[in-house]
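# Structural characterization, general
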Amino acid sequence: MKVAKFGGSSVADAGQFKKVAKIVKSDPTRRIVVVSAAGKWQAQKIKVTDLLIDSFNANAKQEDFHQPFAIVRHRLVKIQSELGLTTKIEADLDEIEAKIPSATYDYVVSRGEYLTAKLMANYIGYSFIDAAKFITFRDGDVDLGASKRKLENEMLGSRFALVPGFYGADEAGNIKLMPRGGSDITGAIIANLVDADLYENWTDVSGVKVADPRIIDHSKKIDELTYSELQELSYMGISVFQEEAVEPVREKHIPIAILNTNAPSEGGTIVASSVISDKQQLVTGIAGKKNYVVISIKKHQLSRRMDILQSAIEVLSKFNVMPNFLPSGNDAVSFLIDFNQVEIDLDKIVSELKSKIDVDSVDLRKNIALVAAVSAKFSKHPAIAGKILEKLDKSDIDVHMVVQEGSDIKLVVGVDNDDYERTIRELYLNSSEVATSRISAVIA
Ligand SMILES: Nc1ncnc2c1ncn2[C@@H]1O[C@H](COP(=O)(O)OP(=O)(O)OP(=O)(O)O)[C@@H](O)[C@H]1O
Ligand SMILES: N[C@@H](CC(=O)O)C(=O)O
């Protein structure tokens with residue numbers, strides 16, 4: 001049995017619905033289909049999820065929430081009428097619109113998936129199963145045991161099911177959202193619950209590319225990836241697969257196929273526990289994100305001062321800040337933090353660190369981009385990392401920091417935001433088959 005998840009671009013309009021139906025109908029083993037909310041595709045420039053967030057926020061600020069909601073209504077009703085569906089989605093839309101002033105954020109924002117799934121279920125003739133009926137949250141996490149029992153119950157009598165992604169419910173029945181991109185997680189959880197043979201993730205690219213296709217035209221496709229490599233790439237910012245969606249399928253050794261709804265015959269990327277590696281390819285994938293801040297605290301022999309480190313972490317936790325990386329040396333520790341996390345409180349955090357902890361200096365650097373090269377080969381051939389840094393040095397890119405931590409399959413460099421695209425291009429050039437012949441001696 002296959003679980004097939006279709007992302008927002010795959011269900012953005014009636015034309016995209018038709019492509020999904022063709023794919024699903026071409027293989028009867030695709031018994032459970034998960035969909036995101038109608039997303040971006042061609043003329044559709046805003047995701048339904050973002051319009052619902054706008055509606056909720058407008059109401060919270062006592063502004064007109066009917067305006068963004070009208071766009072949601074227009075898009076979904078258009079899909080219904082263009083496909084001649086019998087769903088009567090208007091009644092659901094009326095009910096949701098009436099509830100916005102009193103409903104929770106999670107309820108309002110999850111309705112994009114709920115409504116899109118109802119439309120798709122009607123179109124392809126699958127039974128609609130609401131994720132709130134079986135994906136059960138307990139203490140913030142999904143309880144797989146409870147969810148499995150409930151899903152089995154919901155599936156009784158249904159051979160083919162259509163499930164909305166991105167949300168579940170707590171034991172009291174309150175809707176609980178997953179992180180952004182969470183429909184990937186729903187699909188992965190369901191694949192785990194039903195012991196699927198394959199988890200298909202359908203999007204708008206033919207698999208994971210070595211580097212972001214918006215930066216590298218015609219970037220080479222990665223044919224095979226390990227779960228760990230995909231997890232690291234997702235953590236570092238490739239939006240094509242949600243990082244938290246790896247674990248549920250890895251646990252059951254279920255392979256993932258990342259495929260293109262707009263070009264199903266092109267094939268995609270297969271993700272599994274181990275892969276046959278491409279000898280020529282030193283770096284499997286490159287990912288990154290702009291806009292980090294680096295807060296560095298310095299003191300002689302800081303690495304021996306647990307008390308100081310503890311106090312610094314307490315200051316960050318007080319502001320709900322979780323550093324993404326913590327490069328450290330004998331006399332200094334740096335906290336690398338996504339700027340969006342600290343934007344409002346940054347000055348307060350720096351002044352509290354200066355006033356409350358006994359250090360020689362607290363330095364702040366903004367506008368840092370992190371770029372990661374990921375490869376399972378790094379663990380066996382650490383010299384590759386040195387070669388990569390040498391290449392960046394020769395191209396006059398200022399590397400402010402290098403982090404090679406944790407999984408030891410990832411090398412992260414911190415560069416200026418302005419050098420982000422150039423760094424990705426340099427790494428890409430030196431990861432591809434042609435260029436690697438110059439440095440392949442390292443792995444020989
Ligand atoms: N290395 C990469 N390989 C492939 N795509 C990448 C990579 N890095 C970034 N992307 C971007 O990821 C996009 C696909 O992910 P996205 O989440 O937008 O898809 P989706 O299937 O429409 O899902 P949803 O709208 O539900 O989040 C691609 O269009 C591409 O621009
Ligand atoms: N619709 C949600 C979830 C998803 O697409 O997976 C989002 O835009 O983040």
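Please read these numbers as outputs of a predicted model, since none were measured by experiment.

What counts, and where the lines are drawn
- Residues take numbers from 1 onward in each chain, read along the sequence in its written order.
- Naming scheme: in the order in which they are written, chains are lettered from A and ligands are numbered from 1.
- This being a predicted model, a pLDDT of at least 70 is required before a residue's local features are given, and a value of 80 or more before pairs of side-chain atoms are given or counted; all residues contribute to the totals for chains, interfaces and linings.
- Excluded from the side-chain calculation are hydrogens and water; included are all heavy atoms of the structure.
- We count a stretch as a helix when DSSP gives it H or I for four or more residues in a row; a strand needs E for two or more, and each element gets its number in order from the N terminus.
- Neighbouring residues are identified by heavy atoms, a residue being near a molecule or strand if any of them is within 4 Å of it.
- Pairs of N or O atoms within 3.5 Å make up the polar contacts considered here, provided that, within protein, one atom can donate a hydrogen while the other can accept it, and that residues adjacent in sequence are counted only when both atoms are side-chain atoms.
- Under the convention used here, a 1.4 Å probe and the Shrake-Rupley method define accessible areas, while residue burial counts only the protein chains that appear.
- In this classification, the charged set is Asp, Glu, Lys and Arg, the nonpolar set is Ala, Val, Leu, Ile, Met, Phe, Trp, Tyr, Cys and Pro, and all remaining amino acids, among them Gly, are polar.
- Should DSSP find at least two bridges between two strands, the strands are taken to pair.
- By definition, residues are in contact when any of their heavy atoms lie within 4.5 Å.
- Only the stretch in contact is used when fitting a helix axis, every axis being a line fitted to C-alpha atoms; angles between N-to-C directions are given from 0 to 180 degrees.
- A side-chain nitrogen of Lys or Arg and a carboxyl oxygen of Asp or Glu constitute a salt bridge if their distance falls within 4 Å.
- For each residue, the accessible area found with a 1.4 Å probe, counting protein chains only, is set against the maximum for its type, and the residue is called buried under 20%, exposed over 50%, and partly exposed in between.

### A look at unusual backbone geometry
In this structure, D139 is a non-glycine residue whose phi angle is positive, near 50 degrees. One can find D139 in the loop between β4 (136-138) and β5 (141-142). Despite not being glycine, Q301 has its phi angle at roughly 60 degrees, a positive value. Relative to the helices and strands, Q301 is located in the loop between β13 (285-298) and α10 (306-318).

### Some words on the site of ligand 2
The local shell around ligand 2 consists of S36, K47, T49, E113, F166, R180, G181, G182 and S183. A distance of 2.7 Å is found between an oxygen atom of ligand 2 and a side-chain nitrogen or oxygen belonging to R180. Here an oxygen atom of ligand 2 and a backbone polar atom of G182 are 3.4 Å apart. Computed on the free molecule, ligand 2 has an accessible area of 270 Å², of which 93% lies beneath the protein chains in the complex. Across the shell around ligand 2, the residue classes tally to 1 nonpolar, 5 polar and 3 charged.

### A look at the sheet that holds β5
With mixed pairing, 4 strands are arranged side by side in an open sheet as β5-β4-β7-β8. What marks the edges here is a single partner per strand, and that holds for β5 and β8 (175-177). Bridging between β4 and β5 involves 2 bridges; their strand directions are antiparallel. Among the inter-strand pairings, F137 is bridged to a residue of β5, identified as V142. Relative to β8, helix α5 (residues 105-124) is tilted by about 80 degrees, and along the sheet it contacts β7 (167-170) and β8.

### Side note on the pattern of salt bridges
For the structure on display, the rule yields 26 salt bridges. For D50, the salt bridge is made with R180, and the minimal N-O distance between the two is 3.1 Å. Remark: R180 occurs in the loop between β8 and α7 (183-193) and D50 occurs in helix α2 (residues 48-60); sequence separation between them is 130 residues. Judged by its relative accessible area of 24%, D50 falls in the partly exposed class. Take R180: its relative accessible area is 41%, and that puts it in the partly exposed class. For D363, the salt bridge goes to K298, with nearest N and O atoms at 3.0 Å. Taken together, the residues D363 in strand β15 (residues 361-374) and K298 in strand β13 connect sequence positions 65 residues apart. A relative accessible area of 37% places K298 in the partly exposed class. Each of R73, D94 and E97 takes part in a single network of salt bridges with overlapping partners.

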